[in-house]
Amino acid sequence: ADFGLQSTMYGHLGRDPWPKREWIDPRPHLRDWIDRMASLDHDAVRARYGAPSPEAAEDTIPPTLEPVLRIICREFLPMVQGILDETQRTAQTRPKGALLSRTLGPVTFPMGEHRFTRLAIPFTLWKMQGVLDAFRAMPDADRDTARSWLRGLGGEEFLDLDIPRLERVAMQVRLKE
């Protein structure tokens, strides 16, 4: 979770002047976490902040992150499904091995209390394909645990996405031959 959230918190919110001033700086614990995550000097970070929390030692996710993860499932899954639908439509007209455009047609999905529309980016599916490959390689018991956990967050459908095999070519993808 730290790694997945860090890029947005550091790269987008923590350095852009307005969100940094309004959202990050008023929250000193968040600011410290962002700085810890961005640090390459792990010994200095451990000296300043101490050992990881008991949740980290037990490899559990703190309940305080569950609302964030539910939002991710509620908003990201429909976006991925929209990208998948658009990619499958495009794939019907392209031969195997064809390079897909960086963006395809528009997809609309929930974001907060509203709907958001953006162009489909098939590269997102290539990344999800890697996640699903890792999930499918897990032992049965671990897969069952992961599925149950995602079901509780409203994200079980992530595990059943039928993504066509894709290969990365720089920042684009192509349909695997």
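Read on for an overview of the structure. As the structure is a computational prediction, the values presented were derived from the model and not from experiment. Residue numbers here run from 1 along each chain, matching the order of that chain's written sequence. With pLDDT at 70 or above as the cut-off, local features in this predicted model cover only qualifying residues; side-chain atom pairs require 80 or more to be listed or tallied, and sums for whole chains, interfaces and linings still use all residues. Where side-chain values are given, they derive from all heavy atoms of the structure, hydrogens and water being excluded.

**Details of the pattern of salt bridges**
Now for step 1: In the sections that follow, a salt bridge refers to a side-chain nitrogen of Lys or Arg positioned within 4 Å of a carboxyl oxygen of Asp or Glu. By the definition in use, this model includes 12 salt bridges.
Now for step 2: The partner of R89 in a salt bridge is E86, with the nearest N and O atoms 2.8 Å apart. Highlighted residues: R89 and E86, both in helix α6 (residues 66-91), separated by three residues, approximately one helical turn.
Now for step 3: Taking the relative accessible area as the measure of exposure, R89 reaches 49% and is therefore partly exposed.
Now for step 4: Buried means the residue's accessible area, taken with a 1.4 Å probe over protein chains only, is under 20% of the maximum for its type, while exposed means over 50%, and partly exposed covers the values in between. Note on E86: relative accessible area 14%, which makes it buried.
Now for step 5: A salt bridge links R174 to E167; its shortest N-O distance comes to 2.9 Å. A run of H or I in DSSP becomes a helix once it reaches four residues, and a run of E becomes a strand once it reaches two; helices and strands are each numbered from the N terminus.

**Digging into the packing of α6 against helix α7 (residues 123-136)**
Now for step 1: A fitted line through C-alpha atoms serves as each axis, taken over the contacting stretch for helices, and the angle formed by two N-to-C directions is quoted from 0 to 180°. Following both chains from N to C, one finds α6 and α7 inclined at 115 degrees, their axes separated by 9 Å at the closest point. Classed by the angle they form, the pair α6 and α7 counts as roughly perpendicular. The handedness of the crossing between α6 and α7 is left-handed. Contacts from F76, M79, V80, I83, L84 and T87 in α6 reach T124, L125 and M128 in α7.
Now for step 2: Polar here means any residue outside two lists: the nonpolar Ala, Val, Leu, Ile, Met, Phe, Trp, Tyr, Cys and Pro, and the charged Asp, Glu, Lys and Arg; Gly therefore counts as polar. Of the residues in the contact of α6 with α7, the class split is seven nonpolar, two polar and no charged. Any angle from 65 to 115 degrees is called roughly perpendicular, while one under 35 is roughly parallel, one over 145 is roughly antiparallel, and all others are oblique. Crossing handedness is defined as follows: a turn of the near helix away from the far one that is anticlockwise and smaller than a right angle gives a left-handed crossing, while the clockwise case is right-handed. Residues are treated as being in contact if the distance between any of their heavy atoms lies within 4.5 Å.

**Things to note about α6**
Now for step 1: Taking 1.5 Å per residue, 26 residues should reach 38 Å; α6 reaches 36 Å between its end C-alpha atoms and fits that length.
Now for step 2: When the local axis directions of α6 are compared, the greatest deviation, roughly 25 degrees, occurs at F76, which is followed within four positions by the proline P78.
Now for step 3: Within the sequence span of α6, burial applies to L69, C73, E75, L77, M79, V80, G82, I83, L84, E86, T87 and T90.
Now for step 4: Contacts made by the buried residues of α6 are with β1 (106-111), β2 (114-119), α7 and α8 (140-153). One fewer than the residue count of a helix, multiplied by 1.5 Å, yields its expected span. What the bend at a residue measures is the angle between two axes, fitted to the seven residues ending there and to the seven starting there.

**Structural notes on the environment of V131**
Now for step 1: You can see V131 is positioned in helix α7.
Now for step 2: For V131 and F158, which are 27 residues apart along the polypeptide, the C-alpha to C-alpha distance reads 9.5 Å.

**Considerations on the nonpolar core**
Now for step 1: Counting residues in each nonpolar core, the largest one holds 27 residues, and the members touching the most others are L125, F158, L161, I163 and L166.
Now for step 2: Those elements that place two or more of their residues in this core are α6, β1, α7, α8 and β4 (172-175).
Now for step 3: If you tally residues by element for this core, the top one is α6, at seven residues.
Now for step 4: Sequence-distant contacts of I163, that is, excluding residues within four places in its chain, are made with L84, L125, M128, Q129 and L132. Residue types Ala, Val, Leu, Ile, Met, Phe, Trp, Tyr and Cys, when buried and joined through side-chain atoms within 4.5 Å, form a set referred to as a nonpolar core.

**Some details on the packing of aromatic side chains**
Now for step 1: Under the pairing criterion, centres of Phe, Tyr and Trp rings, with the six-membered ring standing for Trp, must be within 6.5 Å; the plane angle then separates stacked pairs below 30 degrees from edge-to-face pairs above 60, leaving the rest tilted. Scanning the entire structure with this criterion turns up four aromatic pairs.
Now for step 2: Aromatic pair W18 and W23: ring centres 5.0 Å apart, planes at 85 degrees, arrangement edge-to-face.

**As for the packing of α6 against α8**
Now for step 1: Between α6 and α8, whose axes approach to 9 Å, the crossing angle comes to 85 degrees. Our classification of the angle between α6 and α8 gives roughly perpendicular. Along the contact surface, α6 presents E66, L69, R70 and C73, while α8 presents W149, L150, G152 and L153.
Now for step 2: Residue classes in the contact of α6 with α8 are distributed as five nonpolar, one polar and two charged.

**Topic: the pairing of β4**
Now for step 1: The alternating pattern of β4 places V173 and L175 on a buried face and Q172 and R174 on a face that is not buried.
Now for step 2: As paired strands, strand β3 (residues 166-169) and β4 are joined by four bridges and run antiparallel to one another. By the bridge assignment, L166 is partnered in β4 with L175.
Now for step 3: Here, a strand pair is defined by DSSP locating no fewer than two bridges between the strands. Linking two consecutive strands that pair antiparallel, namely β3 and β4, is a turn of two residues; a positive phi of about 55 degrees is found at A170 within it.

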